[in-house]
Amino acid sequence: MQKRILLIGLLCVGWLVGAQEFPVDYTFGEKYNDRYKYSNLLTIEDDGQGGTLLVRAYYSGMIIKPKGFIIEHYDENLQLKSEYNYKLKGSEFVNGYFRNGQLYLLFLDYNYEKEEYEYWVHRSPVDPFSFTKEKLLSFRSAPVKNPLDKNYYNRKFNSGFTTTVLFPEDKSSFVISTHYKKGKDNRHDIYLFTSGLKQALYQDFSSEVEEKNYAFERVAVSRDLDQVYIIGKAYFKKRRFTALERKFQYELIKLNKSGISTQNFDSTGKYSESLTPILHKGELICVGFYANRKDNRYNGLSYFKVDLISLQVKSSKYNPFSEQFMFDKFGQEYDKEIKNLVFKNVVVTPDNSILFNAEEYFVTQSVQANSSGGRLRVERFHHNDIVSAKIDDQGNMVWARNINKSEVTQGDGSYASYSSLTKNGRTYFFISTAAENPQLLNNERIIFKQGLSRNRNVFVIQLDEQGKMSYEKIIDSKDARLPLMVSNPLKNDLKGKVLFYAKRGTKKQLVNVAID
């Protein structure tokens with residue numbers, strides 16, 4: 001089924017743009033039966049021939065447990081070509097990618113006989129599937145809880161083994177960071193691997209963790225794989241802090257065969273938050289947010305142009321949030337705080353402007369009674385407001401907008417949050433909600449809420465080159481009977497296409513959305 005819809009911004013209130021047209025095509029693939037009722041989508045990749053590869057972890061049994069991985073291969077017409085059941089237990093999936101006709105799956109295992117953590121890559125051609133295994137690294141350690149645990153705000157560095165894996169946007173390489181701490185033994189190592197699994201770089205980072213612990217967040221890698229730039233939080237040791245102070249600072253770490261360099265961007269009254277590195281046309285740029293004092297409140301956008309060799313800051317800009325942005329978010333309540341922003345993606349436009357998006361994300365915990373009368377601790381994951389900003393090639397803020405959104409989930413986060421695509425200087429945000437329309441907060445502000453129905457509508461929100469906003473429902477819940485995993489799509493920014501996986505229970509299908 002294929003439908004072509006001419007979308008027209010209907011709202012004429014406040015900052016919403018009226019009478020703006022943006023055409024969208026959407027195509028539903030065939031709806032298939034699926035024997036794996038309980039599963040999570042782990043990765044979705046282009047197969048290089050116009051088709052799509054999806055990897056899911058599936059669960060079954062009287063007590064639901066992980067049983068293996070289902071790999072689905074679809075053709076360019078969204079038709080299912082093949083399925084492969086990769087029966088693998090006891091391995092923690094890290095990430096997956098497709099290169100040179102092979103599907104690569106990266107796992108972290110614990111070997112109880114050798115008492116060590118091991119990174120393995122399982123790879124296979126697509127037609128037919130036939131996996132082989134290769135061990136990349138191993139680290140002797142007693143088993144720990146959540147060695148790959150990622151907490152954006154209150155990272156804990158307990159004794160034992162912790163590790164992080166970072167991929168640049170194109171997945172042409174990946175970084176593995178390992179940290180082992182027990183007694184006087186405090187070792188931190190960083191490895192760079194090519195997508196073909198060749199070790200391209202290694203650095204002993206142990207000297208840097210004598211005074212600080214590092215939680216790495218984002219990475220940029222040069223095309224020749226000789227330079228690695230990592231952004232991370234450096235948590236101070238052996239210091240006393242007041243209740244309102246931050247215990248960390250953001251740092252840029254450069255790794256190459258010659259050694260390690262670091263750069264901190266904080267200055268008096270300006271403290272960096274949620275930075276990301278960008279390598280573009282021989283320039284290294286870091287963009288993100290900043291705070292005016294040592295707590296978690298964000299006050300504006302930051303921009304740093306950094307020397308590739310020395311890491312000296314060549315130019316910097318601090319752009320306070322505009323009145324428009326504050327009104328978008330809070331209305332007339334200007335004393336509210338902006339917190340908990342996590343980077344989602346960044347795009348450099350042909351005129352060297354930077355468009356980046358973040359989301360207000362945090363986790364809450366509560367204790368509730370279960371059916372047997374016991375007490376159960378429950379974690380809830382909140383995916384709230386979207387922040388989008390544009391910075392010109394000199395670091396000046398062109399605009400910043402806040403899109404009010406409220407979502408919470410206890411399970412699969414793929415159905416919550418959002419995805420975005422940039423084409424011709426315009427950014428399009430895709431969200432899924434059971435609500436028929438956004439809620440009007442006042443005569444100039446709206447909020448997209450989660451809703452209660454099982455069936456979901458798909459909305460697209462457009463920000464044009466000037467930051468003016470419009471929105472429209474593009475897929476009605478009556479047509480999309482299966483909910484879309486909006487936060488985990490396959491995107492093609494050049495062609496302006498986004499491919500979504502839709503699933504509920506034992507039914508599944510692909511949905512392709514194209515911006516003309």
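Preceding this section is the structure that the text describes.
Reading the values: the criteria
- Residues numbered from 1 in each chain as written.
- Predicted model: local features only at pLDDT ≥ 70, side-chain atom pairs only at ≥ 80, totals over all residues.
- Heavy atoms only, no water.
- Helix = DSSP H or I, 4+ residues; strand = E, 2+ residues; numbered from the N terminus.
- Rg over C-alpha atoms; globule rule 2.2 N^0.38 Å.
- Buried < 20%, exposed > 50% of the residue type's maximum accessible area, 1.4 Å probe, protein only.
- Contact = heavy atoms within 4.5 Å.
- Areas by Shrake-Rupley, 256 points an atom, 1.4 Å probe, with all protein chains shown as cover.
- Pairing = 2+ DSSP bridges.
- Axes fitted to C-alpha atoms, helices over the stretch in contact; angles between N-to-C directions.
- Phe/Tyr/Trp six-rings, centres within 6.5 Å; stacked < 30°, edge-to-face > 60°.
- Lys NZ or Arg CZ within 6 Å of the ring centre and 35° of its normal.
- Core = buried A, V, L, I, M, F, W, Y, C linked by side-chain atoms within 4.5 Å.
- Salt bridge = Lys/Arg side-chain N within 4 Å of Asp/Glu carboxyl O.

*Asks:* I keep staring at the overall build of the protein chain and nothing clicks. Help me out?
*Replies:* Along the backbone of the protein chain there are one helix and 36 strands. At 23 Å, the protein chain has a C-alpha radius of gyration in line with the 24 Å of a compact globule built from 516 residues. For the protein chain, the spread of C-alpha atoms along the three principal axes comes to 65 × 55 × 55 Å. Out of the 516 residues in the protein chain, the part that is buried amounts to 55%. Sequence separation of 24 or more characterises 50% of the internal contacts of the protein chain that already satisfy a separation of 6 or more. Surface accessibility of the protein chain: about 24100 Å² in total, with carbon and sulfur atoms responsible for 45%.

*Asks:* What should I look at first to understand the sheet that holds strand β18 (residues 248-256) in this one?
*Replies:* In a beta sheet, neighbouring strands are held together by backbone hydrogen bonds and run either parallel or antiparallel to one another. Judged by pairing direction, the sheet is antiparallel, and its four strands sit side by side in the order β16-β17-β18-β19 without closing on themselves. Taken across any chain shown, the strands that pair with only one partner, and hence form the sheet edges, are β16 (212-221) and β19 (259-264). Sheet twist, expressed as the mean angle between neighbouring strand axes with direction ignored, is 30°.

*Asks:* Looking at this structure, I do not really get the packing of aromatic side chains. What am I missing?
*Replies:* Two aromatic rings, taken as a pair, are described by how far apart their centres are and by the angle between their planes. This structure, assessed with the given rule, holds 42 aromatic pairs. A centroid spacing of 5.0 Å and a plane angle of 45° characterise the contact between Y191 and Y202, whose relative ring orientation is tilted. Of this pair, Y191 sits in strand β14 (residues 185-194) while Y202 is found in strand β15 (residues 199-204), placing the two residues 11 residues apart along the sequence. Judged by centre distance (5.5 Å) and plane angle (90°), the ring pair of F448 and Y471 falls under edge-to-face. Taken together, the residues span a long stretch of sequence, with F448 in strand β31 (residues 445-449) and Y471 in strand β33 (residues 469-475) at a distance of 23 residues. As far as burial versus exposure is concerned, F448 and Y471 are alike and both buried. Three or more aromatic residues link up through ring pairs in this structure, and these residues are Y97, Y104, Y110, Y112, Y117, F139, F161, F167, F174, Y191, F193 and Y202. A cation sits over an aromatic face here: K171 above F167, 5.8 Å from the ring centre. Against the face of F248 rests K233, its NZ or CZ located 4.5 Å from the ring centre.

*Asks:* Help me out: how do you make sense of the sheet that holds strand β4 (residues 38-46) in this one?
*Replies:* The strand order across the open sheet formed by four strands is β4-β5-β6-β7, and the pairing between neighbours is antiparallel. Each of the sheet's edge strands pairs with one partner strand only, and the pair in question is β4 and β7 (80-86). Sheet twist, expressed as the mean angle between neighbouring strand axes with direction ignored, is 20°.

*Asks:* Explanation requested: the pairing of strand β12 (residues 160-166) in the structure shown.
*Replies:* Counted residue by residue, β12 has seven buried out of seven residues, so it is predominantly covered. Pairing of β12 with strand β13 (residues 173-182) involves seven bridges; the strand directions are antiparallel. Residue pairing for β13: T163 is matched across the bridge by T178. The hairpin formed by β12 and β13 contains six residues between the paired strands, and K171 there has a positive phi angle of roughly 55°.

*Asks:* Is there a simple way to explain unusual backbone geometry in this structure?
*Replies:* A negative phi angle characterises most non-glycine residues, just as the trans form characterises most peptide bonds. The omega angle of the peptide bond from D127 to P128 is 0°, so this bond is cis rather than trans. Mapped onto the elements of the fold, P128 is located in the loop between β10 (116-125) and β11 (132-140). Here the phi dihedral of L78 falls at roughly 65°; this positive angle occurs in a residue that is not glycine. Locating L78 in the fold gives a position in the loop between β6 (65-74) and β7. Given the relative accessible area of 7%, L78 is considered buried. Non-glycine residue K281 carries a positive phi angle of around 50°.

*Asks:* I would appreciate a short explanation of the nonpolar core in the present structure.
*Replies:* Side chains of a nonpolar character, in soluble globular proteins, are inclined to be buried together. The biggest cluster of nonpolar side chains holds 22 residues, and the ones touching the most others in it are V287, F289, L301, F321, I338, I354 and F356. At the level of secondary structure, the elements contributing two or more residues to this core comprise β21 (283-291), β22 (300-306), α1 (323-330), β24 (341-348), β25 (354-369) and β26 (375-391). The residues contacting F356, other than those within four sequence positions of it, are V287, G288, F289, L301, F343, N345, V346, V387, S388, A389 and I391.

*Asks:* Would you mind going over the pattern of salt bridges with me for this structure?
*Replies:* Oppositely charged side chains may form a pair once their charged atoms are brought near each other. Throughout the structure, instances matching the rule amount to 25 salt bridges. Salt-bridge contacts for K171 lead to E45; the nearest nitrogen and oxygen are separated by 3.3 Å. Of this pair, K171 sits in the loop between β12 and β13 while E45 is found in strand β4, placing the two residues 126 residues apart along the sequence. What makes K171 buried here is its relative accessible area of 17%. Its relative accessible area of 11% is what places E45 among the buried residues. Here K135 and E116 are joined by a salt bridge, their closest N and O atoms 4.0 Å apart. Of this pair, K135 sits in strand β11 while E116 is found in strand β10, placing the two residues 19 residues apart along the sequence. Taken together, the salt bridges that share partners define one network made up of D34, R56, E72, E83, K503 and K508.

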